[in-house]
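# Structural description and commentary
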Amino acid sequence: MTMNIPVYTEINDFYKAIGSSNRTKYSDFDMTRLELMNLKNFNSFKEFKNGFYHITFIKSGRNGSPNNLKFCAPGQITPYQIPTISRGFWICFKPEFINTFSDIKNEFIFFNGDEVEPLQISHKEEQVITDYFEKIFEEFKSTNPYKMHTIKFLFCSLLYYCKSLYELNVMP
């Protein structure tokens, strides 16, 4: 028996499917705090696929490991659930958002797996990661006419910081 895994190519389609009131006005990027997502239906999904990249930073939450980052690439089966009453951030983006890289999966190996493996981070690393996410979130909510340019630079810095953590903690 073949199980149908839902596929969401657009960010707003995914939000609608999980019962979130969030909607993005940008087709290639969105960010929110987990505690603001209104995840009515999310934990009822056993698996799903997205047509975009996403990073989940779980700082704390019931039924979940604190201080971890989860990375997922387009088309990758995502089997995890966000713990109830989680604190943290969710960023989703399409490749065109950071078109600086010809191949995101080769540049950032943590997007290249078949499975979503969370990256556990130390308390010190958590502070740095939190600062990046807070700066990006603050800019995202601002009225700065150049905010998306600023976010791209901050986001690329975050990705390279995560790459260094991944190489130090996961790669042999």
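What you see is a predicted model, and the numbers here were worked out from it, not measured in a lab.

Basis of the calculations
Residues numbered from 1 in each chain as written. Predicted model: local features only at pLDDT ≥ 70, side-chain atom pairs only at ≥ 80, totals over all residues. Heavy atoms only, no water. Helix = DSSP H or I, 4+ residues; strand = E, 2+ residues; numbered from the N terminus. Contact = heavy atoms within 4.5 Å. Pairing = 2+ DSSP bridges. Axes fitted to C-alpha atoms, helices over the stretch in contact; angles between N-to-C directions. Buried < 20%, exposed > 50% of the residue type's maximum accessible area, 1.4 Å probe, protein only. Phe/Tyr/Trp six-rings, centres within 6.5 Å; stacked < 30°, edge-to-face > 60°. Lys NZ or Arg CZ within 6 Å of the ring centre and 35° of its normal.

Take the side chain of E125 next. With respect to the helices and strands, E125 occurs in helix 3 (residues 123-141). Apart from the residues within four sequence positions on either side, E125 is in contact with Y161, L165 and N169.

Before going further, it helps to spend a moment on the sheet that holds strand 4 (residues 53-60). Sheet architecture is open: five strands sit in the order 2-6-4-5-7, paired in antiparallel fashion. Edge strands, defined here as strands with exactly one partner in the open sheet, are strand 2 (29-33) and strand 7 (119-120). Bridge count for strand 4 against strand 5 (residues 68-72) is five bridges, and the pairing is antiparallel. Across the sheet, residue I55 finds its bridge partner in strand 5, namely F71. Packing against the sheet, helix 3 makes contact with strand 2, strand 4, strand 5 and strand 6 (87-93), and its axis sits at approximately 115° to strand 2.

Moving on, we get to the pairing of strand 2. Here strand 2 lies mainly inside the structure; four of its five residues are buried. Judged from the five bridges that link them, strand 2 and strand 6 form a sheet pairing that is antiparallel. Paired with F29 across the strands is F93, a residue of strand 6.

This next bit is on the packing of aromatic side chains. Applying the stated criterion to the full structure yields 22 aromatic pairs. The side chain of K147 reaches across the aromatic face of F140, ending 5.7 Å from its centre. In this arrangement the basic side chain of K163 is found over the ring face of F108, its NZ or CZ atom lying 5.9 Å from the centre.

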